[in-house]
Structure formats: C-alpha cells, structure tokens
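Structural features, examined
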Amino acid sequence: MIKRHKKLIVIVTASILAVVLALTVFIKTFFTPERIKTLLLPVAERALDREIAIGKVDISLFKGIEISDFAIKEADRKTDFVRCKNLVLKYELLSLLRRKIAINELSLLSPEVNIVRNKEGIFNFKSIGAKKAQEEKEADKEEGLPLSLVISKAIIKGARFSFADDKNAMPDIKGSADIDIKMRSLDAQKLSSDGEVNIKFDEIKTQSKNIKNIFAGLKYSVAIDNNSNTLNIGKTELKVQNVPLTIKGVIRNFKDSPDLNISLLMQKTKASDMQRLISSFIDVKGLGLSGNMTADLKIEGAPKNLRSNGELRLDSLKYNSIAANNLYIKFALKDKRLEAKSATASVGKGRFSSQGVIDISKPGYAYAFNSKIESLRAEEIMNSFFPKAKDTVFGTLNANFKFNAAGTSADAIKRSLNADIDFNVKDGKITNHKMLDALAIFVGIDELRTINLRQANGMVKIKDGIARLDSIFTSDDVSMDPSGNAGVISQSIDLAFELKLSQRLTDKILKKPSIAAYVKDEQGRGSIPLKVSGTFAKPSYSVDIAKAGKRAIKKKAGELLEKMFNKDKQEGGEKKQKPVEDLLKGIFR
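Below: a short report on this structure. These figures come from a predicted structure and were not determined experimentally. (Residues numbered from 1 in each chain as written. Predicted model: local features only at pLDDT ≥ 70, side-chain atom pairs only at ≥ 80, totals over all residues. Heavy atoms only, no water.)

**As for the overall build of the protein**
A count of helical and extended segments in the protein gives twelve helices and 27 strands. By the burial criterion, 34% of the 589 residues in the protein qualify as buried. Summarising the internal contacts of the protein: among those between residues at least 6 apart in sequence, 47% fall at separations of at least 24. If you sum the accessible surface of the protein, you get close to 35,300 Å²; carbon and sulfur atoms cover 56% of it. (Helix = DSSP H or I, 4+ residues; strand = E, 2+ residues; numbered from the N terminus. Buried < 20%, exposed > 50% of the residue type's maximum accessible area, 1.4 Å probe, protein only. Contact = heavy atoms within 4.5 Å. Areas by Shrake-Rupley, 256 points an atom, 1.4 Å probe, with all protein chains shown as cover.)

**Here's the deal with the pattern of salt bridges**
Side chains that carry opposite charge are capable of pairing whenever their charged atoms lie near each other. Using the criterion set out here, one finds 21 salt bridges in the structure. Notably, a salt bridge pairs Asp296 with Lys298, separated by 4.0 Å at the nearest N-O pair. Using a relative accessible area of 33% as the deciding quantity, one classes Asp296 as partly exposed. Here Lys298 falls in the partly exposed class, since its relative accessible area comes to 40%. Note that Arg377 and Glu379 form a salt bridge whose closest N and O atoms lie 3.0 Å from each other. Connected via shared salt-bridge partners are Arg160, Lys200 and Asp202. (Salt bridge = Lys/Arg side-chain N within 4 Å of Asp/Glu carboxyl O.)

**Focus on the side chain of Arg50**
Summarising the element assignment, Arg50 is placed in the loop between helix 2 (33-48) and strand 1 (52-53). Judged by its relative accessible area of 4%, Arg50 falls in the buried class. Look past the residues within four positions of Arg50 in its chain and what remains in contact with it is Glu45, Ile72, Lys73, Glu74, Ala75, Phe81, Asn124, Phe125, Ser127 and Ile128.

**Some remarks on the nonpolar core**
By size, the foremost hydrophobic cluster in this structure holds 61 residues, and its most contacted members are Leu439, Val443, Leu448, Ile462, Val478, Phe497 and Leu499. Per element, the largest residue contribution to this core is six residues, and it comes from helix 8 (residues 434-443). In terms of nonpolar packing, the next biggest core, distinct from the first, is built from 18 residues, Ile59, Phe81, Leu87 and Ile156 among them. (Core = buried A, V, L, I, M, F, W, Y, C linked by side-chain atoms within 4.5 Å.)

**A word on helix 8**
Those residues of helix 8 not exposed but buried are Met435, Leu436, Ala438, Leu439, Ala440 and Val443. Positive backbone phi, at 75°, marks Gly444, one or two positions downstream of helix 8.

**A look at the environment of Leu453**
Secondary-structure assignment places Leu453 in strand 21 (residues 450-463). Between the C-alpha atoms of Leu453 and Phe473, which are 20 residues apart in sequence, the distance is 7.0 Å. Not counting residues within four places of it along the chain, the set of residues in contact with Leu453 comprises Asp427, Gly428, Lys429, Ile430, Phe473, Thr474 and Ser475.

**Brief notes about the pairing of strand 20 (residues 418-431)**
The two faces of the sheet receive side chains in turn, since in a regular strand these alternate between them. Where strand 19 (residues 393-406) meets strand 20, eleven bridges bridge the pair, whose relative direction is antiparallel. Looking at strand 20, one finds that Phe394 is bridged to Lys429. Across twelve bridges, strand 20 lies against strand 21 in antiparallel orientation. Along strand 21, the bridge assignment pairs Ile430 with Ile451. (Pairing = 2+ DSSP bridges.)

**Comments concerning the packing of aromatic side chains**
The tally for this structure, following the rule as stated, stands at five aromatic pairs. Pairing Phe369 with Phe403 gives two aromatic rings, centres 6.1 Å apart and planes at 25°, and the pair type is stacked. Taken together, the positions of Phe369 in strand 18 (residues 366-377) and Phe403 in strand 19 put the pair 34 residues apart, joining distant regions of the chain. Phe369 sits in the buried class, given a relative accessible area of 17%. Centroid distance Phe497 to Tyr541: 6.4 Å. Interplanar angle 90°. Geometry classified as edge-to-face. Of this pair, Phe497 sits in strand 25 (residues 493-501) while Tyr541 is found in strand 27 (residues 539-543), placing the two residues 44 residues apart along the sequence. A single burial state applies to Phe497 and to Tyr541, both of which are buried. Three or more aromatic residues joined by ring pairs make a cluster, and in this case those are Phe442, Phe497 and Tyr541. Its end group placed over the ring of Phe81, Arg50 keeps NZ or CZ at 5.8 Å from the ring centre. Lying across the ring of Phe394, Lys429 places its NZ or CZ 5.4 Å from the centre. (Phe/Tyr/Trp six-rings, centres within 6.5 Å; stacked < 30°, edge-to-face > 60°. Lys NZ or Arg CZ within 6 Å of the ring centre and 35° of its normal.)

**A few points about unusual backbone geometry**
Residue Asn168 is not a glycine yet carries a positive backbone phi of 60°. Even without a glycine there, the phi angle at Asp391 is positive, about 60°. By the element assignment, Asp391 lies in the loop between helix 6 (378-385) and strand 19. Residue Asp391 is classed as partly exposed on the basis of its relative accessible area of 35%.

Structural data, given as structure tokens:
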C-alpha cells in the first residue's frame, strides 16, 4: 500500500515537473525577449502616441515578464514623461497553452511621473492617446498579436511624482505614492474595483507658502455600471494627516453630465489633528482647537452647480484670549451661496449666535451676517480682535451686529464694510486709553484716565469707510455722549460730546482758568462741551466754542433778567411782572 502511494506521488511530481519544464521551454523558445519587445512596443506606442523605451526583458514562468528601465517619452522624444526602474507583467498560465499571453497583473517599482503645464495652459499629457480608436483597432488587426491585456490588479510601489505650472496659477507639487488596486469585470458592462492608495506630498509650493510633509491615505470600493451610466461609491475611507473622512454615495450619468449624491462623514476626531491640518495650509496664529469635532455633509447636483448641507460640532475653539465652547454650525450651499443657517457657541458665561450668507461666486467672496452677543466679557473680545486696544475696555457686553462686506484681507474688508451695531456695556471700565489720557490732561483731572462705567450704550453705523457713532457713557463721577464720525481705515476722529462731572470733579476743574469759564450747567455741576479730532492714537481736544458761547449768553442774560426782576419785586411789582419774567427766561434757556 505504501509502495503504491509512493509510486503515485512520484508520478504526480514527475508530471508537474514535466508540465513546468514544457511551459518553461515553450516560454523561452516562443516568447523570447526580442519577441516580447516586438509584441509590446508597437501596441503601446500606438495606444499612447508616444515613443517608448525598454531596457532588459526577462521572462519567467512564475514571475512573469519583467522589464527594466521602462520609459514613456515626452512629445519632444527627448525627456521622460514616465520612467520606471522595473515593470512586471504577470500572465495566466492557462493562456500559454493557447499560445497567447493574457496579462492580468501589473506591478511597477519606483516609477517617476513628471507633469508640466506650459505657459499656454496645456498639460504635457494632453497628447497621450491622441490617435483615433478606429486607427488603433485597424493596427491591431494587421499585427494579429497573441497578446491579451486585461489588468485585474495593479501594484505601484515607491512612485515619485511632480507637477510644475509655468503659468504660476497652480502650486508646484512633489511627492510619492504606493498603490494597490484590484479590478473585477462581472460582465462586459459592469466593473468593480477596490484598493488602497497612500500618498505623501513632500512639498506643495504656492506663491505665498511652502507646505511640506502632508500624508493622505485612501481605501476605496467602487462599482461601475455602463448600462445605467452609474458609479456607486461603497464605503470609502479617506484620511489626511490623521483626519478621517468616510465617503459613500452614487454618481449618475458619470460619463457625460455627472449628477452627484454623496455623503461625507467625519466621525469623532481630535480637534488638535484638524488644527495641524489647517495650519499646514493657512496661517491660524492665535487659533486653538481642542476636544473633539464631528462633521456631516451631503453633496448633490452637477459639479458646476453643487448643492450641499451639513453640520459641524466642535468642543472648544480659542482665538487669542477668547474661548468658545460647544460650537455648532448648520450650513447649506446652493447657487454658489454658502449659508450659515445657524452658528452658536457658549463664550464664558455668555453666548454667541449668528446667521449669514457667503457668496462664493464673486471674486474675493461677499458676505452678509446678523450676529448677536449676550453677556460676553468686553475685555476678551477687545484683547482678541483689537490687540492695539488690549486691556482698555472691560465689562459685560451685549451687542447686535448686522454687516456685509467683501474680500479676504483685513484692508479689503474695512474698505467694503457696511454695518449697523448697537451695544450695551454694564459694570465695566475704560482705562489705559490714549483718548482718556489726552482728556485728563486737557481738563486737568487725572481721575479721567480711568472711567468706571455703570453703563454704556450706543449705535454705530459704518458705510464707505466711515463709522457714525451715537452713544452715552455714565459713571458715578462722569457722563458723556460722544457722537460724530471716525475713519475705519484712516483712524481719524471727529467727535463732539458734553462732558458732565460730579460736584467733586467740578471743584477741581474750576482751578483751570482756560476751561473754568465754560463750566457749570443750570444745576451747578461741571458741564463742558468738547470736540475731539486727530486720530485715535493722537487725539486733540478743544472746547466747542459755539455751544459754550450760546450757554454763556444764556447764562449772562439769565443773570441780567434775574437782577432786573428782583429790582421790580422790591418795588412791589411782583404780580404784574410775573408773566413777562417767565416768558423772557424761557427764551434764554
């Protein structure tokens, strides 16, 4: 029994060796390196309409056809568009019995691809495959080649790629990639593919920034149905710098006029990873993301007129000294208008909410927003967004903003800004500000360098680079009502206000002769009509002579009338003169 088994093993082994030997001899004799070159070169050159160079060709029964120093030339036939250290074509063994080579797997080792767009905007790959399909078919019939090229698997390792734009409109890119994909044909009209693509962008060079070491990985699954002209995207996972994104959906009519219906989901992700990704492309100095964030986005329609809607949630966002928690944004895109339907966040003990639209069809973008601030600390906002005025304004702020503008730079926004703002500050103070320092020096009261506010409220209207202010500021010792214009860009000021002082400060101001003449209202408190001009950095104060003079005339006339009617009273004419006295005093009030 044992002898029979041994005999059977020997027979089977010998048969296998005989088949392998026969196939090897067949390959070495029929598919010689010279014959392979003869088979491959004309077909590939006609298909690509480019000259192709091939180095050494090695044929193995199990390894397949290995080609070294493979290159596709540029249209000038001098430089290389693609070059590859090793190219391996694996074939089906059974096809050899029919004296054919059926290639089903392609492996590339260390390929290099150089893409260039010239000054006329033409890419160097545009002319590849330019010959008509009919011409290619006729050429194939003439050759009658025993070659079948149906790639079901492609592996690319250590690929290097570069892109250079001579028009300087797109960034120059250098990077590497590893690709492992599979393709299956269910029938003549249906194809499915899945695989993995890993890319490293070594350098992305723009006119303003040099971005380095960006990693992206893609695991995908797609199915193409040529009958229905549909591309179905199965569960596809994209990860860029540790930021994951899941993609699913369908693209209908993908050959002619694609119609997308795709969902993108970013599950719970570390916000710090997103910050690192964003900071690689744009300057986010002062911005800090922490905690977790999630996003859900749906995209529909044609590429030129996409529609989308989605939500974004972020645990915490900090910009300089101001922190926003539980940030939620609900948005939609339609007709190239990005709408923030709702944006809310908790800021300290207060709350921020906003709604608005960004028109992305206009150069530089245009946007309009309505925003509301409730019980936010004024110092946090000033310190974060107006660093030149740091530690000058304090208190609890409530405000409503309605504004529209265009542009992405601070100067462009200031030039185009139109806004209506109403504000209210309670239990705060203004200090360390050059306008107060200059005021204190002008009236000779050092206490005016700091004003402890009970309340401040007002309205600001901004148009054509000019801000119109109407406001009231009150404290225990001071009240004032600044109104007038200020330059948003020039920082110029042209304001007028009545400075009203407590009795304590009135007594101090009387010691300054240049101002004492304009002091005291009807109640005897200090009241000075002032003007301020110059700039916020260099304010210049003066007494409003027109108002002060009118007040002085009224005061002097009142004193003369009082003296005159007091004399009449002493002579016994009080009842007779009373109506006349009231009338005249009313005129000069």
